[in-house]
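# Secondary and tertiary structure notes
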Amino acid sequence: MPFVKINGLTYDFETLSDELKNHLKHLAFIDSEMERLSLQMNVLRISRDEIGRQLDSALLRQELNQATPAGESPEPAP
């Protein structure tokens, strides 16, 4: 028989009322969803960091491509 520990006390799951079993099932679902969302957040953070690095790299390439060649003076801004 499966046992569950609630607030430091051990209970036989099969002897719990349907209401208590339902609450435990909801809590288990919520815990698994929180874990799933936490993993998704980690993936999104990593993805965001990588896209930020790619943005920085693209900005640097653009700045280097727009740099004034040696010996030429930059044109004044309008």
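See the structure above.
Parameters at a glance
- Residues numbered from 1 in each chain as written.
- Predicted model: local features only at pLDDT ≥ 70, side-chain atom pairs only at ≥ 80, totals over all residues.
- Heavy atoms only, no water.
- Pairing = 2+ DSSP bridges.
- Helix = DSSP H or I, 4+ residues; strand = E, 2+ residues; numbered from the N terminus.
- Buried < 20%, exposed > 50% of the residue type's maximum accessible area, 1.4 Å probe, protein only.
- Lys, Arg positive; Asp, Glu negative; His and termini not counted.
- Salt bridge = Lys/Arg side-chain N within 4 Å of Asp/Glu carboxyl O.
- Polar contact = N/O pair within 3.5 Å; in protein donor to acceptor, adjacent residues only side chain to side chain.

Further remarks concern the pairing of strand S1 (residues 3-6). Both S1 and strand S2 (residues 9-12) contribute to a ladder of four bridges, which runs antiparallel. When the bridges of S2 are listed, Val 4 appears paired with Tyr 11. Linking S1 back to S2 in an antiparallel pair, the connection comprises two residues, with Asn 7 at a positive phi of about 50°.

Although it is not a glycine, Asn 7 sits at a positive phi angle of roughly 50°. Positionally, Asn 7 belongs in the loop between S1 and S2. The class of Asn 7 is exposed, set by a relative accessible area of 78%.

Tracing the sequence through the fold places Asp 12 in strand S2. Within the buried core, Asp 12 has no salt-bridge partner, and the shortest N-O distance to an opposite charge, that of Lys 21, equals 7.9 Å. Here the side chain of Asp 12 touches Glu 14 through a polar contact of 3.1 Å, landing on its backbone nitrogen.

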